[in-house]
Amino acid sequence: LSRVKNGTVKSEELEREKGHLIYSYDVQVSGKSGIDEVNIDAMTGKILAVSHEGPKQERKEAKADKKAAAKPMSHR
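Here's what I pulled together on the structure shown here. All figures in this text were calculated on a predicted structure; none of them were measured in a lab.

### Observations regarding the packing of aromatic side chains
Considering all chains together, one arrives at one aromatic pair under this definition. Relative to Tyr-25, the ring of Tyr-23 lies with its centre 6.4 Å away and its plane at 35°, an arrangement referred to as tilted. On the basis of relative accessibility, which here comes to 34%, the residue Tyr-23 falls in the partly exposed class. Taking the relative accessible area as the measure of exposure, Tyr-25 reaches 26% and is therefore partly exposed.

In structure tokens, the structure reads:
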């Protein structure tokens, strides 16, 4: 939260991205549309990325996450 002032964590997940295990936090800032996503290396605690996702990009990512969750574990 030190990287996203006045933010509130709305969701978090542990995921593998580009071969790295990361914590991904979706942070909502009051009065700002969309969310700020903060990715942290799960092994070192180092902040890897901070990016803003608008509402359209959020919906697209949510749809992709839902589709990935529906796949059998052996295909991941």
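From this point, the narrative continues.
### With respect to the side chain of Glu-15
If you trace the backbone, Glu-15 turns up in strand β1 (residues 7–17). Ignoring anything within four residues of it in the chain, the contact list for Glu-15 reads His-20, Leu-21, Ile-22 and Ser-24.

### A look at the nonpolar core
The biggest cluster of nonpolar side chains holds five residues, and these are Val-4, Val-27, Val-29, Val-38 and Ile-40. Among the elements of the structure, β2 (20–29) and β3 (35–41) are those that each provide at least two residues to this core. In contact with Val-4, other than residues within four places in its own chain, are Val-27, Val-29, Asp-36, Val-38 and Val-50.

Calculation notes
Residues numbered from 1 in each chain as written. Predicted model: local features only at pLDDT ≥ 70, side-chain atom pairs only at ≥ 80, totals over all residues. Heavy atoms only, no water. Phe/Tyr/Trp six-rings, centres within 6.5 Å; stacked < 30°, edge-to-face > 60°. Buried < 20%, exposed > 50% of the residue type's maximum accessible area, 1.4 Å probe, protein only. Helix = DSSP H or I, 4+ residues; strand = E, 2+ residues; numbered from the N terminus. Contact = heavy atoms within 4.5 Å. Core = buried A, V, L, I, M, F, W, Y, C linked by side-chain atoms within 4.5 Å.

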